[in-house]
Amino acid sequence: MASFTATSMSMISLAKPSLVPSARISSPNSVSLSIKGRNFPSITLQPTGRRFQVTCAAKQETVQKVCDIVKKQLALPEGSSVTGESKFAALGADSLDTVEIVMGLEEEFGISVEEESAQSITTVQEAADMIDKLLESKC
């Protein structure tokens, strides 16, 4: 069974829901998967000409840490909603705030972010994806 609402779609099995994977497509470019109640990282599809390239999104723990750092750096009120899709500008961050966020991420994760990469980050998810890639390359 599939259900559509605005830009999201969920698919689940009616046979034995606990045994069959369910998927949630939050946009035409992002898919998340849940099997037997276990959630897996989202998969992001990135257009490359006429083909799609499949890349795995950052781990949920990384996204949550980035959300926490963004809340702290921007001194957002308790209960403010920050998700992977949150844009720094929409949260009230200016260019100096973004630099401070990146510095906080570097300190928290023990990484060094190149200036060009830092300037291209506009969302929490982009920051988390970049962090996971940098951590993988350190191994």
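Up top you'll find the structure we're talking about.
The following paragraphs examine the structure supplied in this document. (Residues numbered from 1 in each chain as written. Predicted model: local features only at pLDDT ≥ 70, side-chain atom pairs only at ≥ 80, totals over all residues. Heavy atoms only, no water.)

1. What about the overall build of the protein?
Each helix and strand counted, the protein has four helices and six strands in total. Ordering the α and β elements of the protein from the N terminus gives β-β-β-β-β-β-α-α-α-α. The 139 residues of the protein split such that 29% are buried. Considering only contacts within the protein whose residues lie at least 6 apart along the sequence, 34% involve residues at least 24 apart. Working note: accessible area of the protein is about 9,500 Å², and carbon and sulfur atoms make up 55% of it. (Helix = DSSP H or I, 4+ residues; strand = E, 2+ residues; numbered from the N terminus. Buried < 20%, exposed > 50% of the residue type's maximum accessible area, 1.4 Å probe, protein only. Contact = heavy atoms within 4.5 Å. Areas by Shrake-Rupley, 256 points an atom, 1.4 Å probe, with all protein chains shown as cover.)

2. Considerations on the packing of helix H1 (residues 60-73) against helix H4 (residues 124-138)
One can describe the packing of H1 onto H4 by two numbers: an axis separation of 9 Å at closest approach and a directional angle of 125°. Judged by the angle between their axes, H1 and H4 are oblique. As for how H1 packs across H4, the hand of that crossing is right-handed. On H4, the residues touching Thr-62, Val-63, Val-66, Cys-67 and Val-70 of H1 are Val-124, Gln-125, Ala-127, Ala-128, Ile-131 and Asp-132. (Axes fitted to C-alpha atoms, helices over the stretch in contact; angles between N-to-C directions. Parallel < 35°, antiparallel > 145°, perpendicular 65-115°, else oblique. Left-handed = near helix turned anticlockwise from the far one by under 90°.)

3. What to know about the nonpolar core
Counting residues in each nonpolar core, the largest one holds 23 residues, and the members touching the most others are Val-66, Val-70, Phe-88, Leu-105, Phe-109, Val-124 and Ile-131. Taken together, the elements giving at least two residues each to this core come down to H1, helix H2 (95-109) and H4. If near-sequence neighbours (up to four positions away) are discounted, Val-70 is found in contact with Val-82, Phe-88, Leu-91, Ile-101 and Val-124. (Core = buried A, V, L, I, M, F, W, Y, C linked by side-chain atoms within 4.5 Å.)

4. Digging into unusual backbone geometry
The phi torsion at Ala-75 lies on the positive side, around 50°, for a residue other than glycine. A relative accessible area of 65% means that Ala-75 is categorised as exposed.

5. Things to note about a nonpolar patch on the surface
Residues Leu-96, Val-99 and Met-103 make up a contiguous nonpolar surface patch of roughly 290 Å² in combined accessible area. Assignment of secondary structure puts Met-103 in helix H2. (Patch = residues over 30% accessible without salt bridge, like charges linked within 9 Å, V, L, I, M, F, W, Y side chains within 5 Å. Salt bridge = Lys/Arg side-chain N within 4 Å of Asp/Glu carboxyl O.)

6. Focus on the side chain of Thr-62
Counting through the fold element by element, Thr-62 comes out in helix H1. The class for Thr-62 is buried, based on a relative accessible area of 6%. Contact partners of Thr-62, with chain neighbours within four places excluded, come to Phe-109, Ala-128, Ile-131 and Asp-132.

7. A word on the environment of Asp-94
If you trace the backbone, Asp-94 turns up in the loop between H1 and H2. In this structure Asp-94 comes out as partly exposed when scored by relative accessible area, which is 43%. Separated by 20 residues in sequence, Asp-94 and Leu-74 have C-alpha atoms that sit 9.8 Å apart. For Asp-94, the side chain forms a polar contact with the main-chain nitrogen of Leu-96, separated by 3.1 Å. (Polar contact = N/O pair within 3.5 Å; in protein donor to acceptor, adjacent residues only side chain to side chain.)

8. Focus on H1
Taking 1.5 Å per residue, 14 residues should reach 20 Å; H1 reaches 20 Å between its end C-alpha atoms and fits that length. Buried within H1 we find Thr-62, Val-63, Val-66, Cys-67, Ile-69 and Val-70. Taken end-on, H1 shows its buried residues confined to a sector of 165°, consistent with a single buried face. Summarising the geometry of H1, the exposed residues directed more than 90 degrees from the buried face are Gln-60, Glu-61 and Lys-72. Looking at the buried positions of H1, the neighbouring elements they touch are H2 and H4. Looking one or two places after H1, you find Ala-75, whose phi comes out positive at around 50°. (Expected span 1.5 Å × (residues − 1). Arc of directions from axis to C-beta.)

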